[in-house]
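# Working through the structure, step by step
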Amino acid sequence: MAESTPPDQIHITPGMQAYIDRNNEYLARRDRYIHDVVKKWRFDTIAVHGLYSVEDAIEDYQGAIIEPVFMSSSQAYRDSDEMAAALAYLIPTWCYSRIANPSTYYYEWAMALLEGYGYPGETSCCSTSSGMAAIMTAVQPFLVHTHQHVREDRNFVAPAACYGGTFQQFKVRLMEERGIEWRIVENPENIDDWASKIDKNTRFLYGELPSNPSMSFFDIQAVADLAHSHNLPLICDNTVATPALLRPIQHGADIVVQSATKTLTTSGFGMAGAIISRRNITSNIDSEDLKKDFAIYVKYLPNRDHGPNLHPMQAILTLNDMRTLRSKVDMLSRSSMTVARFLEQHPRVESVQYLGLPNHPLHDLASKYMWLVDAEHDEQYGKPVNRYGHLMSFCVKGDHQATRNVFDNFKRIWRATDLGRIKSVATIPAISTHQQQGEEGRKLAHIPDNLIRLCVGAEHPDDIMADLDQALYAASTH
Ligand SMILES: *Cc1c(COP(=O)(O)O)cnc(C)c1O
């Protein structure tokens, strides 16, 4: 099942060689299938089928049309030769579910192919238990000491406008606990701001786009070019856009992280994450394995040892939600546009931050990158169309208490620290997701006290607007 990264020193018996030969044939067949068949499909077909084929189902899974959930801790081998070859990663194997599993395998391939859609090269994926685990998985390998016995200054460059959990991971776990400097980009749309932070001790550039919840954005291509000119990778958090609207690898990013918990698992059934990388990433870390196939490297080595793996049940639940990603994100984006326009002209709303609104300062930049995938092949559109996702935020006229009053009056919109759901959900970041980072941290990330983050669900937009309207007016009579 798994890819293989053979270690240097291993004694290969004739019995092992037989397994290796057989499995090399299998891998060659699979790679041909990816190249000749799957890579030629449109986005929706990849989302529906991924790498799970009729042949796979009939030969191995009793014809099950849905990818089976392999709730098994480990894999048994025919004999010692097969075990030895498998555990040396000489043949595809899933051996132990912390390392690999057939259910997570299909999830990983769907994710790799969707984030790699439209990119001519190859992509691979490592699943993780959550989005935070994905971020940890993506950044840690670049923060190693490169010289034994020598403590090195290490830094990374990333905007402060990011998810609250990411802010804490970077500030507390990396900076305060481990002395790794986070060089904060204050204006991510300004390329010089990024450039001025890079020096010989920089290990990677990182950015979220659009950012949660403040909707900041940057020019991916320009930042990727800058990173590469310093022999550094660009890591992008693509959670809010999803591959239905944006595929950063196509624009030069080396690695993408996903909190698949969000819009990829619209149902809200649980937590999941992923990192997706292209082949031959750029990095100043002297490791060929790390650079050649980063996602597979972390899957079989660092993550084997750290264990932030995804549960097979959750892999299939998320995979199932992802099959309709494109049409769902299109519908949610269109509803969000309607709701954003409504809020924008509402007398009790101070401002609306939604990249789809033409007067948003980053509207033009976002419009360069955020396109509904395959709209030109959709009979409804027949041409490229911009879409901006279902996350927005708005500031209530008045103070923090007035904002809480509006929030407390929502009847249908759920008060929860969540996003990406099929149901509309709202939160006040200052008292929830971005509470831990304090007032100063929020100021850096442009998160005022009167800001409500709203993630528009699949209800009819008329009903969402009615709920917003009554809450905005009810609050003012207090
Ligand atoms: C939620 C979120 C994360 C963290 O993902 P979890 O699955 O909750 O661990 C990371 N980045 C962004 C943009 C998010 O919204």
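Within the secondary structure, Met 313 is located in helix H13 (residues 312-322). Residue Met 313 is classed as partly exposed on the basis of its relative accessible area, which comes to 36%. Between the C-alpha atoms of Met 313 and Ser 103, which are 210 residues apart in sequence, the distance is 7.6 Å. With residues near it in sequence (within four places) discarded, Met 313 still touches Val 69 and Met 71.

Following the criterion strictly, the structure yields 21 aromatic pairs and no others. Judged by centre distance (5.0 Å) and plane angle (15°), the ring pair of Phe 156 and Phe 204 falls under stacked. Placement of the pair is Phe 156 in strand S2 (residues 155-159) and Phe 204 in strand S4 (residues 202-208), with a sequence separation of 48 residues. Taken as a pair, Phe 156 and Phe 204 share a single burial class, namely buried. Lying over the aromatic face of Tyr 163, Lys 262 brings its terminal NZ or CZ to 4.7 Å of the ring centre.

It is worth spelling out the site of the ligand at this point. What surrounds the ligand is a group of 13 residues, the closest being Gly 131, Asp 237, Ser 259, Thr 261 and Lys 262. Note that an oxygen atom of the ligand is positioned 3.0 Å from one of the side-chain N or O atoms of Asn 212. Looking at the shell around the ligand element by element, the count peaks at three residues for helix H6 (residues 131-139). Class assignment for the residues of the shell around the ligand results in four nonpolar, six polar and three charged.

In terms of domains, the protein is made up of domain 1 (102-322) and domain 2 (325-475). Summarising the inter-unit geometry, the C-alpha centres of domain 1 and domain 2 are found 25 Å apart. Taken together, the contact between domain 1 and domain 2 spans 41 residues of the former and 41 residues of the latter. Three residues stand out in domain 1 for area buried against domain 2, namely Pro 213, Met 215 and Leu 245, and they jointly supply 22% of the buried area on that side. Notably, a salt bridge pairs Asp 219 with Lys 368, separated by 3.0 Å at the nearest N-O pair. Our count for the contact surface shared by domain 1 and domain 2 stands at 20 residue pairs in polar contact (both at pLDDT 80 or more). Where the side of domain 1 that touches domain 2 is concerned, the elements lending two or more residues are helix H7 (164-178), helix H9 (220-229) and H13. Counting residues per element, the side of domain 1 that touches domain 2 draws most heavily on H7, at three residues.

The strands making up a sheet are joined through hydrogen bonds of the backbone, oriented either antiparallel or parallel. Read from one edge of the open sheet, five strands run S8-S9-S12-S11-S10, paired in mixed fashion. With partners counted over all chains shown, the strands left at the sheet margins are strand S8 (349-353) and strand S10 (414-415), one partner each. Note: strand S9 (residues 391-396) against strand S12 (residues 451-455), five bridges, orientation antiparallel. Within the sheet, the bridge partner assigned to Cys 395 lies in S12 and is Leu 451. Helix H14 (residues 325-344) rests against S8, S9 and S12 of the sheet, and its axis sits at about 10° to S9. Along the sheet, helix H16 (residues 400-408) makes contact with S9, S10, strand S11 (425-427) and S12, crossing S12 at roughly 25°.

Right, let's talk about unusual backbone geometry for a bit. A cis amide bond links Leu 209 to the next residue, Pro 210, at an omega of -15°. Its place among the elements puts Pro 210 in the loop between S4 and H9. In this structure, Pro 213 follows Asn 212 across a cis peptide bond, with omega equal to 0°. As for its placement among the helices and strands, Pro 213 is situated in the loop between S4 and H9. At Gln 62, a residue that is not glycine, the phi angle is positive and equals roughly 50°.

Turning our eyes to something else, we now look at the packing of H6 against H7. Packing of H6 against H7 leaves a shortest axis separation of 10 Å and a crossing angle of 45°. By the angle between their directions, the pair H6 and H7 is classed as oblique. As H6 runs across H7, the sense of the crossing is right-handed. Contacts between H6 and H7 involve Met 132, Ile 135, Met 136 and Val 139 from the former and Gly 165, Thr 166, Gln 169, Phe 170 and Leu 174 from the latter. Looking at the contact of H6 with H7, its residues break down into six nonpolar, three polar and no charged.

A few words now on the pairing of strand S3 (residues 181-185). Among the five residues of S3, four are classified as buried, and the element is accordingly described as predominantly covered. In this region the chain leaves S2, passes through H7 and returns to the parallel neighbour S3; the handedness of that crossover is right-handed.

Let's shift gears to helix H4 (residues 80-87). Residues Glu 82, Ala 85 and Ala 86 constitute the buried set of H4. Taken down its axis, H4 places every buried residue within 100° of arc, on the same side.

Turning our attention to the sheet that holds strand S7 (residues 273-278). Taken together, seven strands build an open sheet; the order of strands is S1-S7-S6-S5-S4-S2-S3 and the sheet is mixed. Two strands bound the open sheet, and with one partner strand each, they are strand S1 (123-128) and S3. Averaged over all adjacent pairs, the angle separating strand axes in this sheet is 20°, with direction ignored. The strands that H9 touches are S4, strand S5 (234-237) and S7; relative to S5, the one it contacts most, it runs at about 150°.

The next thing to look at is the packing of helix H1 (residues 14-36) against H4. Across the interface, H1 lies against H4 with an axial gap of 8 Å and an inter-helix angle of 65°. In this structure, H1 meets H4 at a crossing whose hand is right-handed. Contact residues: Gly 15, Met 16 and Tyr 19 in H1; Asp 81, Glu 82, Ala 84 and Ala 85 in H4. Grouping the amino acids of the contact of H1 with H4 by side-chain chemistry returns four nonpolar, one polar and two charged.

In this section: the pattern of salt bridges. Here the idea is simple: oppositely charged side chains can pair when their charged atoms come close. Inspection of the entire model under this criterion finds 20 salt bridges. Its salt-bridge partner being Asp 330, residue Arg 387 comes within 2.6 Å of it at the nearest N-O pair. In this pair, Arg 387 is assigned in the loop between helix H15 (363-369) and S9 and Asp 330 in helix H14, connecting sequence segments 57 residues apart. Asp 330 shares its class with Arg 387; the two are buried. Each of the salt bridges in this network shares a partner with another, and the network as a whole consists of Asp 44, Arg 326 and Asp 378.

Each value, and the rule that gives it
Residues numbered from 1 in each chain as written. Predicted model: local features only at pLDDT ≥ 70, side-chain atom pairs only at ≥ 80, totals over all residues. Heavy atoms only, no water. Helix = DSSP H or I, 4+ residues; strand = E, 2+ residues; numbered from the N terminus. Buried < 20%, exposed > 50% of the residue type's maximum accessible area, 1.4 Å probe, protein only. Contact = heavy atoms within 4.5 Å. Phe/Tyr/Trp six-rings, centres within 6.5 Å; stacked < 30°, edge-to-face > 60°. Lys NZ or Arg CZ within 6 Å of the ring centre and 35° of its normal. Near = heavy atom within 4 Å. Polar contact = N/O pair within 3.5 Å; in protein donor to acceptor, adjacent residues only side chain to side chain. Nonpolar A, V, L, I, M, F, W, Y, C, P; charged D, E, K, R; others polar. Domains from an automatic or database assignment. Buried area = accessible area lost by both parts, 1.4 Å probe. Salt bridge = Lys/Arg side-chain N within 4 Å of Asp/Glu carboxyl O. Pairing = 2+ DSSP bridges. Axes fitted to C-alpha atoms, helices over the stretch in contact; angles between N-to-C directions. Parallel < 35°, antiparallel > 145°, perpendicular 65-115°, else oblique. Left-handed = near helix turned anticlockwise from the far one by under 90°. Right-handed = clockwise from strand over helix to strand, strands pointing away. Arc of directions from axis to C-beta.

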